[in-house]
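Structural overview for review
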Amino acid sequence: MNRLFFITLLFCSIVFSSDHKKLHTAAIVVDTHNDVLLRAMKGEDLSVRTTEGHSDVVRLNEGGVDVQIFSVWCGSEFGNGRAFNRAIEMIDTLHAIVRRANDKIVLTSTYMDVNRALKQKKIAALIGVEGGHMIEDSLFYLDSLAKRGMNYLTLTWNNSTTWATSAADETEKGDSLAFKGLTEFGKNVVRRLNDLGVMVDLSHTGEKTFWDALAVTKKPVLVSHSSVYSICPSRRNLKDDQIKAVAKNNGVICINFYSGFIDSNYHRRVSEIRKNYSGLVDSMKQANADYWKAELSIDSALAPHYLEARPTLSLLVDHIDYIAKLVGADFVGIGSDFDGVESLPKEMDDVTFLPNITRELLMRGYTEKDIRKILGSNVMRVMKANMQ
Ligand SMILES: [Zn+2]
């Protein structure tokens, strides 16, 4: 490397490293999907710094997050009679966290509340209910969740409801499904969400549900934590025609950071690692009769090796870049899925690494205006158009 080139490189990296932090701090940073409430439900106090997982109130602050939508989620096994109550319990848990750290974070349910929190330099905490099964087929429960501050409803999680089919079911069960897309009740759910000022979230939904919801909604939609299918063909990611349709609707797609949704080779690399350690994998399977317990102990034993299999930060930013180039920088945002996934790209170990995205976007020549849009202004626009 010649000397002049080295000095230029050093100068650029110093300029970028100070600039990106300044810009990241000044911008409104919005993350539309964080699963950390699951850890709180197990008894962890998230109002203080924790050593496990990807986030807590202290680390959200350090990562420059200004607006955080917390996922309220339960699996399909909760079912009618239990899922709605579980959602209420999780919302109560978020209230408890906010009460304990009320100098740093405040619960907000209206767009005005969010702006007030920003002025007070506190994190605005919002509620996203992940999975239509949590309304238990009832518009009354839907109204109740909205009254308790629900800011978005993800129409389905991996499981379908009686009124909407999921990406998992549409791709795996296909024509054997009794119906595909939204039923008449499902369309009424979308209309009701519009009326209540709750964002319609289309992550996890099947393609038919996606198109049906877009045909019904009168408001811009949110895709809270999905990435780009053309780069990584996962059923959880959006195809080009879907990305164009969200842009036409003036909605926003928030990129999911999960290694498996970012990098189409991630799962292959993980299975190669497991093959290389087949002796250890077999012995752990023999020691644990329960499939999931065995998988958990295999994964934790191989965790240091999985770290090397992770995609680069650059590949994560490729997803943002792809949407910006396809439809413009007005329709892409951040939906990390922190604390909901077992693997994140390199240089994105937890929420405190978030400014690295700003650095990467600056290095790629994005303007400050576009970076501010991507970091949060686009989601703010969609929130303003929906929320009361
Ligand atoms: Zn999810």
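Some remarks on the overall build of the chain
For the chain, the count of helices and strands is 17 helices and 9 strands. Scaling as 2.2 N^0.38, a compact globule of 388 residues should have a C-alpha radius of gyration of about 21 Å, and the chain matches this with 21 Å. Expressed as lengths along the three principal axes of its C-alpha atoms, the size of the chain is roughly 70 × 55 × 45 Å. In the chain, buried positions account for 47% of the 388 residues. Restricting to contacts in the chain with at least 6 residues of sequence separation, those with at least 24 account for 75%.

Points about the nonpolar core
One finds V200, I253 and V332 to be the most contacted residues of the largest nonpolar core, which totals 96 residues. Excluding residues that lie within four positions of it along the chain, V200 makes contacts with L153, L155, V190, L193, A213, T217, V221 and L222.

Overview of the environment of Y229
When you line up the elements, Y229 lands in the loop between strand 7 (222-223) and helix 10 (240-248). Sequence separation between Y229 and I262 is 33 residues, and the spatial gap between their C-alpha atoms is 9.0 Å. Not counting chain neighbours up to four residues away, the residues in contact with Y229 comprise N237, L238 and K239.

Structural notes on the packing of helix 13 (residues 278-287) against helix 14 (residues 291-309)
Relative to each other, helix 13 and helix 14 sit at 145 degrees, their axes nearing to 9 Å. The chirality of how helix 13 crosses helix 14 is right-handed. On helix 14, the residues that touch L280, V281, M284 and K285 of helix 13 are A294, S297, I298 and A301. The residue makeup of the contact of helix 13 with helix 14, split by class, is 6 nonpolar, 1 polar and 1 charged.

Here we look at the environment of M387
The topology assignment puts M387 in the segment after helix 17 (368-386). Residue M387 is classed as buried on the basis of its C-beta count, with 21 C-beta atoms lying within 10 Å. C-alpha of M387 to C-alpha of L296: the two residues are 91 residues apart in sequence and 40 Å apart in space. When sequence neighbours within four positions are dropped, the list of residues in contact with M387 reads T110, Y111, N151 and G197.

Digging into unusual backbone geometry
Both trends apply: most residues other than glycine have a negative phi, and most peptide bonds are in trans. Although it is not a glycine, N250 adopts a positive phi angle of roughly 70 degrees. Non-glycine residue D337 carries a positive phi angle of around 70 degrees. With respect to the element layout, D337 can be found in the loop between strand 9 (332-334) and helix 16 (355-363). Note on D337: 25 C-beta atoms within 10 Å, which makes it buried.

Points about the pairing of strand 8 (residues 252-255)
A two-sided burial pattern is seen for strand 8, the buried positions comprising V252 and C254 on one face and I253 and I255 on the other. Handedness of the crossover joining strand 7 and strand 8 through helix 10: right-handed. Across 3 bridges, strand 8 lies against strand 9 in parallel orientation. If you follow I255 over to strand 9, its bridge partner there is I334.

Notes on helix 9 (residues 207-216)
For helix 9, the complete set of buried residues consists of T209, F210, D212 and A213. In this structure, the buried residues of helix 9 make contact with helix 8 (184-196), strand 6 (199-201) and helix 10.

Some remarks on the pairing of strand 4 (residues 123-130)
Most of strand 4 is tucked away, with 8 of its 8 residues classed as buried. A two-sided burial pattern is seen for strand 4, the buried positions comprising I123, A125, I127 and V129 on one face and A124, L126, G128 and E130 on the other. Note that strand 2 (residues 67-72) and strand 4 share 6 bridges and pair parallel. Paired with I69 across the bridge in strand 4 is L126. Inspection of the sheet shows strand 3 (residues 105-107) paired to strand 4 by 3 bridges, in the parallel sense. Bridged to I105 within strand 4 is I123. Tracing the backbone out of strand 3, into helix 5 (residues 111-119) and back to the parallel element strand 4 gives a crossover that is right-handed.

What about the packing of helix 15 (residues 313-327) against helix 16?
It is at 10 Å that the axes of helix 15 and helix 16 come closest, and there the two elements cross at 70 degrees. The orientation of helix 15 with respect to helix 16, classified from their angle, is roughly perpendicular. Touching L313, S314 and V317 of helix 15 are N356, I357, E360 and L361, all from helix 16. Residue composition of the contact of helix 15 with helix 16, by class: 4 nonpolar, 2 polar and 1 charged.

Parameters and conventions
- Once a new chain begins, its residue numbering starts again from 1 and follows that chain's sequence as written.
- Totals for whole chains, interfaces and linings use every residue, but because this is a predicted model, local features are given only for residues with pLDDT of at least 70 and side-chain atom pairs only at 80 or more, for both listing and counting.
- A run of H or I in DSSP becomes a helix once it reaches four residues, and a run of E becomes a strand once it reaches two; helices and strands are each numbered from the N terminus.
- C-alpha atoms define the radius of gyration, and 2.2 Å times the number of residues to the power 0.38 defines the globule rule.
- Counting other C-beta atoms within 10 Å of a residue's own tells you its class, since 20 or more makes it buried, 12 or fewer makes it exposed, and anything in between is partly exposed; those C-beta atoms are placed from the backbone.
- Two residues form a contact once the distance between their C-beta atoms, set from the backbone, is within 7 Å.
- The nonpolar core is taken to be a set of buried Ala, Val, Leu, Ile, Met, Phe, Trp, Tyr and Cys residues joined by way of C-beta atoms within 7 Å.
- Orientation is described by axes fitted as lines to C-alpha atoms, over the contacting stretch for helices, and by angles from 0 to 180 degrees between their N-to-C directions.
- Helix crossings are classified by the rotation of the near helix relative to the far one: an anticlockwise turn of less than a right angle makes the crossing left-handed, while a clockwise turn makes it right-handed.
- Each residue is assigned to one class: nonpolar for Ala, Val, Leu, Ile, Met, Phe, Trp, Tyr, Cys and Pro, charged for Asp, Glu, Lys and Arg, and polar for all the others, Gly among them.
- Handedness of a crossover: with both strands directed away from the viewer, a clockwise path from the first strand across the helix to the second marks it as right-handed.
- Only when DSSP finds a minimum of two bridges between them are two strands counted as paired.
- Working rule for angles: under 35 degrees goes down as roughly parallel, over 145 as roughly antiparallel, 65 to 115 as roughly perpendicular, anything else as oblique.

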